[in-house]
Amino acid sequence: MASYLYYLLPAVGGYALTSLYFLKNPHFLHKKKQTAFYCTHISHRGGSGERIENTMGAFTHAAEVGTEMLELDCHLTKDSHVVVSHDENLLRQTGQDVNISSLNLEELPPYKETLEVTFKAGHFSTGSDRNIALLEDVFRKFPQIAVNIEVKENNSMLIEKISDLVKTYNREAISVWASVDSTIMENCRKTNSSMPYMFTVKRALKMLLLYYTGLLPFVPLGESFLQFYLPQIINREYIPETWILRSRLVIFLIERLTSRKGMFKHLRDRGIQIHLFVCNEEQDIEAAFAAGATGVMTDYPTLDDTKEGAVGKAQRAARSFG
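Residues numbered from 1 in each chain as written. Predicted model: local features only at pLDDT ≥ 70, side-chain atom pairs only at ≥ 80, totals over all residues. Heavy atoms only, no water.

Engineer: Give me the nonpolar core: which residues, what numbers.
Structural biologist: Formed by 70 residues in total, the largest nonpolar core has its most connected members in Leu72, Leu135, Val138, Ile149, Ile162 and Trp177. When residues no more than four places from it in sequence are discounted, the contact partners of Val138 are Met56, Phe59, Leu70, Leu72, Val84 and Val147. Ile100, Tyr111, Leu115 and Ile132 belong to the second largest nonpolar core, which has 9 residues in total. (Core = buried A, V, L, I, M, F, W, Y, C linked by side-chain atoms within 4.5 Å. Buried < 20%, exposed > 50% of the residue type's maximum accessible area, 1.4 Å probe, protein only. Contact = heavy atoms within 4.5 Å.)

Engineer: Can you break down helix H2 (residues 56–64) residue by residue, with the values?
Structural biologist: Turning to H2, its buried residues number three or more, namely Met56, Ala58, Phe59, Thr60, His61 and Ala62. In this structure, the buried residues of H2 make contact with strand E1 (41–44), strand E2 (69–76), strand E3 (82–84), strand E6 (133–134) and helix H4 (135–141). Just downstream of H2, Gly66 is the residue with a positive phi angle, here 100 degrees. (Helix = DSSP H or I, 4+ residues; strand = E, 2+ residues; numbered from the N terminus.)

Engineer: Could you give an account of the state of the cysteines, naming the residues involved and the relevant values?
Structural biologist: Going through the model one piece at a time under the given rule, you end up with 0 disulfides. Between Cys188, a cysteine without a disulfide, and Cys74, which holds the nearest cysteine sulfur, the sulfur-to-sulfur distance is 10 Å. Counting only cysteine sulfurs, Cys39 is the nearest neighbor of Cys279, a cysteine outside any disulfide, at a range of 13 Å. Relative accessible area serves as the criterion here: at 0%, Cys279 is assigned to the buried category. (Disulfide = S-S within 2.5 Å.)

Engineer: Go over helix H5 (residues 156–168) with me, naming the residues and quoting the values.
Structural biologist: Between its first and last C-alpha atoms H5 spans 18 Å; for 13 residues at 1.5 Å apiece the expected length is 18 Å, and the two agree. Turning to H5, its buried residues are Leu158, Ile159, Ile162, Ser163, Leu165 and Val166. All buried residues of H5 fall inside an arc of 160 degrees around its axis, so they share one side. Residues of H5 that are buried in the fold lie against E2, E3, H4, strand E7 (146–151), strand E8 (175–178) and helix H6 (182–191). Sitting at the head of H5, Asn155 places a side-chain oxygen 3.0 Å from the backbone nitrogen of Met157. (Expected span 1.5 Å × (residues − 1). Arc of directions from axis to C-beta. Polar contact = N/O pair within 3.5 Å; in protein donor to acceptor, adjacent residues only side chain to side chain.)

Engineer: Provide a residue-level description of the packing of H5 against H6, including the pertinent values.
Structural biologist: Geometrically, a packed helix pair is captured by the angle between its two axes and the distance between the axes. The contact between H5 and H6 brings their axes to 10 Å, and the two run at 40 degrees. Judged by the inter-axis angle, H5 sits oblique to H6. The element H5 and its partner H6 pack so that their crossing is right-handed. Side by side, H5 and H6 meet where Ser156, Ile159, Glu160, Ser163 and Lys167 of the first sit next to Ile184, Asn187, Cys188 and Thr191 of the second. The residue inventory of the contact of H5 with H6, partitioned by class, reads 3 nonpolar, 4 polar and 2 charged. (Axes fitted to C-alpha atoms, helices over the stretch in contact; angles between N-to-C directions. Parallel < 35°, antiparallel > 145°, perpendicular 65-115°, else oblique. Left-handed = near helix turned anticlockwise from the far one by under 90°. Nonpolar A, V, L, I, M, F, W, Y, C, P; charged D, E, K, R; others polar.)

Engineer: Would you mind going over the environment of Gly222 in detail, with residue names and values included?
Structural biologist: Within the fold, Gly222 resides in the loop between helix H7 (201–213) and strand E9 (225–229). A relative accessible area of 35% means that Gly222 is categorised as partly exposed. A C-alpha to C-alpha distance of 25 Å links Gly222 and Pro143, two positions 79 residues apart in sequence. Contact partners of Gly222, with chain neighbours within four places excluded, come to Lys33, Tyr197 and Arg203.

Engineer: Any chance you could break down the pattern of salt bridges for me, citing the residues and the numbers?
Structural biologist: In this structure the tally under the stated criterion is 10 salt bridges. Across the pair Arg45 and Glu53 runs a salt bridge whose closest N-O atoms are separated by 3.1 Å. Its salt-bridge partner being Lys120, residue Glu281 comes within 2.1 Å of it at the nearest N-O pair. Here Lys120 lies in the loop between strand E4 (114–116) and strand E5 (124–126) and Glu281 lies in the loop between strand E10 (273–277) and helix H10 (282–291), a separation of 161 residues in the sequence. The class for Glu281 is partly exposed, based on a relative accessible area of 27%. Each member of the salt-bridge network shares a partner with another, and the members are Arg45, Glu53, Asp87 and Arg92. (Salt bridge = Lys/Arg side-chain N within 4 Å of Asp/Glu carboxyl O.)

Engineer: Report on the pairing of E7, specifying residues and quantitative values.
Structural biologist: Remark: a regular strand shows side chains that alternate across the two faces of the sheet. Burial runs high along E7: 6 of the 6 residues are buried. Alternating residues of E7 divide into Ala146, Asn148 and Glu150 and Val147, Ile149 and Val151, and every residue in both groups is buried. Direction of pairing for E2 relative to E7: parallel, over a ladder of 6 bridges. Directly across from Glu71, in E7, lies its bridge partner Asn148. Two strands pair when backbone bridges link them, and E7 and E8 are joined in this way by 4 bridges, in the parallel orientation. The residue of E8 that forms the bridge with Asn148 is Val176. Handedness of the crossover joining E7 and E8 through H5: right-handed. (Pairing = 2+ DSSP bridges. Right-handed = clockwise from strand over helix to strand, strands pointing away.)

Engineer: Mind laying out a nonpolar patch on the surface, listing which residues take part and the relevant values?
Structural biologist: The grouping of Tyr15, Tyr21, Phe28, Leu29, Leu215 and Phe218 at the surface amounts to a nonpolar patch, some 560 Å² of accessible area in total. For Phe28, the location among the structural elements is in the loop between helix H1 (2–24) and E1. (Patch = residues over 30% accessible without salt bridge, like charges linked within 9 Å, V, L, I, M, F, W, Y side chains within 5 Å. Areas by Shrake-Rupley, 256 points an atom, 1.4 Å probe, with all protein chains shown as cover.)

Engineer: Explain unusual backbone geometry residue by residue, including any values.
Structural biologist: Following Phe277, the chain continues into Val278 via a peptide bond in cis, with omega recorded as -10 degrees. Tracing the sequence through the fold places Val278 in the loop between E10 and H10. At Ser80, a residue that is not glycine, the phi angle is positive and equals roughly 70 degrees. For Ser80, the location among the structural elements is in the loop between E2 and E3. Although it is not a glycine, Asn170 adopts a positive phi angle of roughly 50 degrees. Along the chain, Asn170 falls in the loop between H5 and E8. Judged by its relative accessible area of 71%, Asn170 falls in the exposed class.

If you want it as structure tokens, here you go:
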């Protein structure tokens, strides 16, 4: 046993030191990613706390106050139009229990006059624009603003049409594939590999495992963005449906395991942007950047009535903690 340890301990120690060195100096092994944009402020669903979510009114408002990225979700109508909506079923948003895929564009119902903010329990938004938007209209009106496009269903026609619109409006460099599902992301990447993309849940868990085993510095990463919950908002601003996430112990463990400054710094040094969401309080914006985020996603582009607003707070906090 003693002779075994004689060789094992130096090997383990050497591995640990090598891993730590390359964790702090990834440029020796990896070329830093150079995305076409860098954003500190992202408007979740267009800023669903201040206007009806995912409407042109919401996107316009967010753009006017200086947001650097619009986050949205897409679905396909029966007559093959790509529309912007978080849900495929419209009961929550419109009060009508119908699916987008079963309706033609002109048959889509308007949003409710007031809509509860998902990540701000008990708070509601309203606005004069209650129409479900076309993705093409978003691209046409905001040609220079980055858009994070989340795909929730493995629908090849939907993915192809999104890709076609991205190409038509010459915005592959500033449009991001987003999905929590690895199978969907694989389809997105196969359809258009020129667009940057985010970590799926499976890939993020693998990355976390690589970090804790010391292998992360040696593994190439294709993703340009990591998007993840700011853990402390769970059960305060956002009440999850999954019972296990209502446990304070579980949330504490998630925060301890995922909010690792060393890991975040390594990713930043490799050119990977880290967006934490959904930050709907000033304290959450500051906490996100203190944890090592490069950007925050919020439902409130202005956050309060001060001139600075959430966009300015995000940019200031990024400078403070960067």
